[in-house]
Amino acid sequence: MNKYMTHIIATTLLVLPNASIAEGIVSKIVNAPLSATGTVMDARVGVNVYLQSPEASGIEFMNPDVLGYGIPAGGEIQVEMSDGFERDWNVALTQSALMLVTGAPQQGLPGKMLGYTVQDGEHENVFLITPTDEAGVPADMAMSPAPGSKEDPVRNKGIKVIHIGFQQSAFFNRGSSGTVTVRIINGAGDTVGEGSASLDFIKTPLAQVLPTNFPQKRRNHNWQTISAGDTLGHTKGTLPLTYMVYGASPKADTEALYAFKGGLEGVGVLSTPQLKKMGYAKPDALARYNGGLVLHDQNNDGVLDPVSDKIIGGIIASAPKGAKGQELKSLEKDGMPVLSVLTEKMAPKPGKRWGGPMLMLQFTGGSMPGKYRPTVALLNDPDNLSSGDGSAFTYTIRVK
């Protein structure tokens, strides 16, 4: 594989949640972390297109040790919005409507600094991304200018995510689903990488838990490496796992949905060890939450109680076989949990623009080396414990 990763991609089909299907260099489509309603039917589009490679499929592609994609010299990247995506012709296809990204949570790759432009493609509903330098955009040179990225132990390199509906959104979600196709084309006009995925639109807005790295100067909070017993957010050199928590938007018209920034303040996590210490047994409907519960503080006392506070989700823990001692819970300061607060209090400029509260969790590494993957999941309907999971995000932590 060369530095542009311009290889022919096999079309192995992957079955994804919510009846989504992906193939080739596209892994899946998810709600973008800067949108509360990006996948809602009849709302404006706000999605992230996750890429992958044959050597690193799905979530493994976000590993900073894995090189992302570049733009070949004399070539281009095409992003086609088809099926259920309807164009708003009042919004141009420019950098404001699409941002290339490395990693998840995302570190932006702005065109002016990386050397590419975004414009309308030859065919309808196609973003055309072209390099401004005759050498193209080599993958190993595609690094984010985010201030904290230089402090990352391993810097993410290459394009790994395409954020559609960035500062503006040029498309609407229409019908029941939409399909995005990504093509990488070399200087000779050959398609050297291609893939697509479909996304089922949700009929009713849901609360969203999404990854963010707004604090710590947009350092990479994902794929951190620690020793057994170390705790992310407390051990020197580590960062807490950080999330945006949007609330469910009231039913509204398209523009009101797009403008919604509201979120859930006072959200935190009680781990399974904490719940056991309190003598609390999870309801059978929540048995899948083997790692703990997500709670919304109801009386604003800053203390989480599974009896008096509202259960809005849970933790689905994944760890190496035989591992013990791993734990995900609210970040603690002076013996108290740090519950979610408005993002603008943590990161004023982006918080004011994008809204939502920020949730920070600490993770203690287990006894066995390997990958630990706690998933924070929110219930479809927090008033119904049997409603199943809606929005969710999984971080990866490596224990050495």
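Going by the structure above, here's the rest.
Structure report, in brief. These numbers come from a predicted model, not from an experiment.

## Overview of the overall build of the protein chain
Each helix and strand counted, the protein chain has 5 helices and 30 strands in total. Its C-alpha radius of gyration of 21 Å places the protein chain within 12% of the 21 Å reference for a compact globule of 400 residues. For the protein chain, the spread of C-alpha atoms along the principal axes amounts to about 65 × 50 × 40 Å. In the protein chain, buried positions account for 56% of the 400 residues. Taking all contacts inside the protein chain whose residues are at least 6 apart in sequence as the whole, residues at least 24 apart take part in 70%. Total accessible area on the protein chain stands at roughly 16,800 Å², and carbon and sulfur atoms take up 51% of it. Side-chain charges in the protein chain split into 35 positive and 37 negative, and the spacing between the mean points of these groups amounts to 8 Å.

## Thoughts on the sheet that holds strand β27 (residues 370–372)
Taking strand neighbours across the sheet as the criterion, the 3 strands line up as β16-β30-β27 in an open arrangement whose pairing is mixed. The outermost strands of the open sheet, each flanked by one partner alone, are β16 (224–226) and β27. Adjacent strand axes in the sheet meet at a mean angle of 30 degrees when their direction is disregarded. Summarising the sheet, β27 and strand β30 (residues 397–399) pair through 3 bridges and their orientation is antiparallel. Paired with K371 across the strands is R398, a residue of β30.

## Description of the nonpolar core
Counting residues in each nonpolar core, the largest one holds 84 residues, and the members touching the most others are F127 and I164. Of all the elements, strand β18 (residues 241–246) adds the most residues to this core, at 5 residues.

## Structural notes on the sheet that holds strand β7 (residues 98–102)
Taken in spatial order, the 5 strands line up as β3-β4-β11-β7-β8 in an open sheet, and their pairing is antiparallel. At either margin of the open sheet sits one strand with a lone partner, and together these are β3 (26–31) and β8 (107–109). Shown here is a sheet whose adjacent strand axes are inclined to one another by a mean of 30 degrees, direction ignored.

## A few points about the pairing of β18
Burial analysis of β18 places 6 of its 6 residues in the buried class, the great majority of the element. Of the two faces of β18, the one lined by L241, Y243 and V245 and the one lined by T242, M244 and Y246 are each fully buried. Examined bridge by bridge, strand β15 (residues 208–211) and β18 share 4 bridges and lie antiparallel to one another. Among the inter-strand pairings, L210 is bridged to a residue of β18, identified as M244. The pairing of β18 with strand β26 (residues 357–364) spans 4 bridges and is antiparallel. What sits directly across from L241, in β26, is L361.

## Digging into the environment of A392
The residue A392 is located in strand β29 (residues 389–394) in this model. Taking the C-alpha atoms as reference, A392 lies 9.4 Å from I315; in sequence the two are 77 residues apart. Those residues within four positions of A392 in sequence are excluded, and the remaining contacts are V209, T375, V376 and A377.

## Section: the packing of aromatic side chains
According to the stated counting rule, one finds 7 aromatic pairs in the structure shown. For the pair F61 and Y69, a centre-to-centre distance of 5.6 Å together with 45 degrees between the ring planes defines the contact as tilted. By relative accessible area, F61 is classed as buried at 0%. By the ring-pair criterion, three or more aromatic residues cluster together here, those being Y243, F393 and Y395.

Cut-offs and rules
- Residues numbered from 1 in each chain as written.
- Predicted model: local features only at pLDDT ≥ 70, side-chain atom pairs only at ≥ 80, totals over all residues.
- Heavy atoms only, no water.
- Helix = DSSP H or I, 4+ residues; strand = E, 2+ residues; numbered from the N terminus.
- Rg over C-alpha atoms; globule rule 2.2 N^0.38 Å.
- Buried < 20%, exposed > 50% of the residue type's maximum accessible area, 1.4 Å probe, protein only.
- Contact = heavy atoms within 4.5 Å.
- Areas by Shrake-Rupley, 256 points an atom, 1.4 Å probe, with all protein chains shown as cover.
- Lys, Arg positive; Asp, Glu negative; His and termini not counted.
- Charge placed at Lys NZ, Arg CZ, Asp CG, Glu CD.
- Pairing = 2+ DSSP bridges.
- Axes fitted to C-alpha atoms, helices over the stretch in contact; angles between N-to-C directions.
- Core = buried A, V, L, I, M, F, W, Y, C linked by side-chain atoms within 4.5 Å.
- Phe/Tyr/Trp six-rings, centres within 6.5 Å; stacked < 30°, edge-to-face > 60°.

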